[in-house]
Amino acid sequence: MKTKIALLLLVPTLGFSQIKILDEIKKIVPSNSSSSGLGSLSSLDISQGLKEALNKGIEKQVTKLTAVDGFYKNEMVKILLPEELQRVDKTLRKMGMSSLADKGILMLNRAAEDAVKESTPIFVDAVKNMSFADAKNILMGSENAATSYLQTETTSPLYAKFNPVIQNSFVKVGADKVWASIIKKYNSLPMVTKVNPDLTDYTTNKALEGVFKMIAVEEKDIRTNLNARSTDLLKKVFAKQDKK
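1. Focus on the pattern of salt bridges
So, point 1. Inspection of every chain in the model, using the stated rule, returns 13 salt bridges.
So, point 2. Between Asp114 and Lys172 there is a salt bridge, and its shortest N-O distance comes to 2.9 Å. Taken together, the residues Asp114 in helix 5 (residues 98–116) and Lys172 in helix 8 (residues 145–173) connect sequence positions 58 residues apart.
So, point 3. Here Lys172 falls in the exposed class, since its relative accessible area comes to 60%.

2. A short note on the nonpolar core
So, point 1. One finds Leu50, Phe123, Leu150 and Phe162 to be the most contacted residues of the largest nonpolar core, which totals 63 residues.
So, point 2. Residues contacting Leu150, with those up to four places away along its chain left out, are Leu54, Ile58, Phe123, Ala126, Val127, Thr155, Phe212 and Ile215.

3. Considerations on empty space enclosed by the protein
So, point 1. Applying the stated rule across the entire model yields two cavities of 30 Å³ or more.
So, point 2. Each pocket or cavity is described by its volume, and for the largest cavity that value is around 80 Å³.
So, point 3. Going through the elements one at a time, helix 3 (43–66) and helix 10 (199–224) are the ones with two or more residues in the lining of the largest cavity.
So, point 4. Across the lining of the largest cavity, the residue classes break down as seven nonpolar, one polar and two charged.
So, point 5. For the second largest cavity, the full set of lining residues is Leu81, Leu85, Val88, Asp89, Leu92, Ala101, Trp179 and Ile182.
So, point 6. Among the elements of the structure, helix 4 (83–94) and helix 9 (175–187) are those that each provide at least two residues to the lining of the second largest cavity.
So, point 7. Sort the elements by how many residues they give to the lining of the second largest cavity and helix 4 lands first, with four residues.

4. As for unusual backbone geometry
So, point 1. The phi dihedral of Asp69 falls on the positive side, at around 70°, and the residue is not glycine.
So, point 2. Looking at the secondary structure, you find Asp69 in the loop between helix 3 and helix 4.
So, point 3. With a phi angle near 60°, Met191 is a residue other than glycine that sits in the positive phi range.
So, point 4. By the element assignment, Met191 lies in the loop between helix 9 and helix 10.
So, point 5. Take Met191: its relative accessible area is 86%, and that puts it in the exposed class.

The rules behind the values
- Residues numbered from 1 in each chain as written.
- Predicted model: local features only at pLDDT ≥ 70, side-chain atom pairs only at ≥ 80, totals over all residues.
- Heavy atoms only, no water.
- Salt bridge = Lys/Arg side-chain N within 4 Å of Asp/Glu carboxyl O.
- Helix = DSSP H or I, 4+ residues; strand = E, 2+ residues; numbered from the N terminus.
- Buried < 20%, exposed > 50% of the residue type's maximum accessible area, 1.4 Å probe, protein only.
- Core = buried A, V, L, I, M, F, W, Y, C linked by side-chain atoms within 4.5 Å.
- Contact = heavy atoms within 4.5 Å.
- 1 Å grid on protein atoms, 1.4 Å probe; cavity = no way out; pocket = protein on both sides within 12 Å on 5 of 7 lines; lining within 4 Å.
- Points joined across faces, edges and corners; volume = space filled by probe spheres on them.
- Nonpolar A, V, L, I, M, F, W, Y, C, P; charged D, E, K, R; others polar.

Take it as geometry only, folks, not as evidence of what the structure does.
Okay, here's the thing in C-alpha cells:
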C-alpha cells in the first residue's frame, strides 16, 4: 500500500509516457493480502472457511461410508455389478441361486466400506495444502467446485491406497472365494460367453465414485442451505458466494 501511495505522489511531476510506465508498474505491485476482491473477506477467512467446509463434508459424509452397510444400504452409492456380470447375475437367479448372487454384491460393498477408512489422511493433506487461489476459485465456483478440487488432488493417491485394501478385504470377507465360485459356475454353463472381470479395479473405482458423490452432497448443502453453515466462519464466507 505504501508503495502505491508513493507512486501516486510522483504522478504530477511525470510526463505522459512516464505515467504509462507507472500504470504498468502498478499492475505488478502486490495488493494488500487482506483484500481478495471479495469485500471484507481476508484471504485467511476464505482459506479457513473453505477448509472448514471440506473437513465438515469429509467428517460427516465419508465417515458414513465406512460403517457397516455404508455403501450397501445407501442407494446413492451402492455398488452394483459391472455390465459384464449383469448377465451372470440374471442367469444365476434363473437357476435358483439368488442367495449366491446377493452375497456377491454384498461382498463388493463390504470391501468398499473397508477401503474408505483409509481415505481421511489423504483428504486431510489435500485440504491442508489448498492455496488461497484455489480457495477463492472454489468459493466463487460451481456448486461442486470443492468436490472437483478434491477429486483432482486425491484420486490417484486414493486409488493407490484403496486398491490393495479392497484386494485384502476380498480375502478377509471371503469375497474372493464367493466370486470364484460364481464365475466358475457361470463359465461352466453351456453356450455362455466366459467372463473374467477385474473386480478389484472395478470396486476401487466405484468406491472412489461413491466417496466423491457424498462429499458433493455435503458441499451442495453448505452452498444452498443456510442452516448447514454451522459456524460463524462458514456463514461469513459463504454469504459472499450467495451474492455472486
